[in-house]
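# Structural overview
For reference, the chains in residue letters:
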Amino acid sequence: QVRVAESGGGLVQPGGSLRLSCAASGRETSFSAMGWYRQAPGTQRKLVANIRGGGTTTYDDSVKGRFTISRNKAYNMVFLQMDNLRPEDTAVYYCWAYSPWGDIWGQGTQVTVSS
């Protein structure tokens, strides 16, 4: 069984920064893609950013220029550097990985942007 777990969420003021990390554990495997989704109260979970095997990245338009996704492929880790945070970035952030057995999801970490 493969699991991923997030860390790094918290409370930050508007304009501030946070860095989320996600690490895999369990059965040894490699992920063809990893990424981050978020879900605010009363909304559907949606893609924030992902990174694929060749390093190609995709970002939601709302975070382009403010968030940066990166990956340590050797250790099955993915990171999300979030700068210039806004109140509308408040959500639970979920790590996602695509494994040979399908989608793997983390439990989520809360990010709150408020003064």
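Cut-offs and rules
- Residues numbered from 1 in each chain as written.
- Predicted model: local features only at pLDDT ≥ 70, side-chain atom pairs only at ≥ 80, totals over all residues.
- Heavy atoms only, no water.
- Pairing = 2+ DSSP bridges.
- Helix = DSSP H or I, 4+ residues; strand = E, 2+ residues; numbered from the N terminus.
- Axes fitted to C-alpha atoms, helices over the stretch in contact; angles between N-to-C directions.
- Salt bridge = Lys/Arg side-chain N within 4 Å of Asp/Glu carboxyl O.
- Buried < 20%, exposed > 50% of the residue type's maximum accessible area, 1.4 Å probe, protein only.
- Core = buried A, V, L, I, M, F, W, Y, C linked by side-chain atoms within 4.5 Å.
- Contact = heavy atoms within 4.5 Å.
- Phe/Tyr/Trp six-rings, centres within 6.5 Å; stacked < 30°, edge-to-face > 60°.

A few words now on the sheet that holds strand E1 (residues 2-7). Within the open sheet, the 4 strands sit side by side as E1-E3-E8-E7. Their pairing is antiparallel. What marks the edges here is a single partner per strand, and that holds for E1 and strand E7 (67-72). Each neighbouring strand pair of the sheet contributes to a mean axis angle of 15 degrees, computed without reference to strand direction. The pairing of strand E3 (residues 18-26) with strand E8 (residues 77-82) spans 6 bridges and is classified as antiparallel. Within E8, the position partnered with leucine 20 by the bridge is leucine 80.

The next subject is unusual backbone geometry. Note: most residues except glycine have negative phi, and most peptide bonds are trans. Phi is positive for asparagine 76, which is not a glycine, with a value near 50 degrees. Along the chain, asparagine 76 turns up in the loop between E7 and E8. For asparagine 84, which is not a glycine, the phi torsion comes out positive at approximately 50 degrees. In this fold, asparagine 84 is placed in the loop between E8 and strand E9 (91-99).

Attention now moves to the pattern of salt bridges. Counted according to the given criterion, the structure contains 4 salt bridges. Arginine 38 serves as the salt-bridge partner of aspartate 89, at 3.0 Å between the closest nitrogen and oxygen. Separated by 51 residues along the polypeptide, aspartate 89 in the loop between E8 and E9 and arginine 38 in strand E4 (residues 33-39) bring together distant segments of the chain. The closest approach of N and O atoms between aspartate 60 and lysine 46, which form a salt bridge, is 3.6 Å. Linking aspartate 60 in the loop between strand E6 (57-59) and E7 with lysine 46 in strand E5 (residues 46-52), this pair joins segments that are 14 residues apart in sequence. Overall, the relative accessible area of 41% leaves lysine 46 in the partly exposed class.

Ranked by size, the top nonpolar core spans 27 residues in total, and within it Trp36, Leu80, Met82 and Tyr93 carry the most contacts. Contributions of two or more residues to this core are made by E1, E3, E4, E5, E7, E8, E9 and strand E11 (109-113). Looking at this core, the element that brings in the most residues is E9, giving 4 residues. Those residues within four positions of leucine 80 in sequence are excluded, and the remaining contacts are Leu18, Arg19, Leu20, Trp36, Val48, Ala49, Phe67, Thr68, Ile69 and Tyr93.

Right, let's talk about the side chain of serine 21 for a bit. Inspection of the secondary structure puts serine 21 in strand E3. For serine 21, a relative accessible area of 18% puts it in the buried group. Residue contacts for serine 21: discarding those within four places in its chain leaves Ala5, Glu6, Ser7, Trp36, Val78 and Phe79.

To continue, consider the packing of aromatic side chains. Counting across every chain of the model gives 2 aromatic pairs. Both rings, one in tyrosine 37 and one in tryptophan 105, keep their centres 5.0 Å apart while their planes meet at 70 degrees; by these two values the pair is edge-to-face. In this pair, tyrosine 37 sits in strand E4 while tryptophan 105 sits in strand E10 (residues 102-105), placing the two residues 68 residues apart along the sequence. Judged by its relative accessible area of 19%, tyrosine 37 falls in the buried class.

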